[in-house]
Amino acid sequence: MAGLKAGERNSFKYLYNKWSGKLYNFSMKISQGDKYLSEEIVQMVFLKVWENRTAIDCDRSFANYICTIAKNLLINLYHHRLQEILYQEKVMHNSYWEETTEKEVDYHLLDEYIQKLVSQLSPGRQEIYKLSRFEHLTNKQIAEKLHISEKTVEAQLTKAHSFIREKIRQHYHLLVMICFYLSKY
């Protein structure tokens, strides 16, 4: 990791060769078997590792570091995909949506669901999550801003992601049905 931090390409190659397969398996697990997405996540994680190499903490676990990046990327990708689907539905049916208040409510239900999950987090966890996801601050920046340790930030983000992922998993079939319903109109 020290070599990577110093910008040594061979150190990066070594870490990539050692951890990419394990990260792929981890990504397969958290993406529920999506091979394409898992491959994409591995590439994106190592791109981020290289881009942020100078900020790497050599005293921390590299495995935890890359798994945290993978979880964050996956959550962001799922959120982006959901927003994209909602936007496309709105654009395709814009005139119909404007005429039908009930359909507008259905459309906003999915978007509000994600926001509602975030609002169910404890105030401190919610603040950390919003700073990370919406203001795109690093764990270090969040820790400095809130005068807490990076480990606390990391723990709170992990708990927030677990909560949101579990709620989405619990209601996944409902979300699919709503998307199916919206696609019919």
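Since we're looking at a predicted model, the values are computed, not measured.

Can you explain the layout of surface pockets? Please cite residues and give values.
For the largest pocket, the calculated volume is near 920 Å³. Around the largest pocket, the lining is made up of 25 residues, and of these Asn52, Tyr65, Ile69, Thr138 and Asn139 lie nearest the centre. Listing elements by their share of the lining of the largest pocket, those giving two or more residues are helix H4 (62-92), helix H7 (123-133), helix H8 (139-146) and helix H9 (150-170). The biggest single contributor to the lining of the largest pocket is H4, with 7 residues. For the lining of the largest pocket, the class distribution of residues is 7 nonpolar, 10 polar and 8 charged.

Go over helix H2 (residues 9-30) with me, naming the residues and quoting the values.
Remark: the principal bend of H2, roughly 40 degrees, maps to Trp19. For H2, the full list of buried residues reads Ser11, Phe12, Leu15, Trp19, Ser20, Leu23, Ser27 and Ile30. Positive phi appears at Gln32, one or two residues downstream of H2, with a value of about 55 degrees.

Describe the environment of Ile114, naming the residues involved and giving the relevant values.
Position of Ile114 among the secondary structure elements: in helix H6 (residues 101-119). Each C-alpha atom, one on Ile114 and one on Ile168, is 8.6 Å from the other, the two residues being 54 residues apart in sequence. Apart from the residues lying within four places of it in its own chain, the contact partners of Ile114 are His79, Leu82 and Ile168.

Cut-offs and rules
Residues numbered from 1 in each chain as written. Predicted model: local features only at pLDDT ≥ 70, side-chain atom pairs only at ≥ 80, totals over all residues. Heavy atoms only, no water. 1 Å grid on protein atoms, 1.4 Å probe; cavity = no way out; pocket = protein on both sides within 12 Å on 5 of 7 lines; lining within 4 Å. Points joined across faces, edges and corners; volume = space filled by probe spheres on them. Helix = DSSP H or I, 4+ residues; strand = E, 2+ residues; numbered from the N terminus. Nonpolar A, V, L, I, M, F, W, Y, C, P; charged D, E, K, R; others polar. Bend = angle between axes of the 7 residues up to and from the residue. Buried < 20%, exposed > 50% of the residue type's maximum accessible area, 1.4 Å probe, protein only. Contact = heavy atoms within 4.5 Å.

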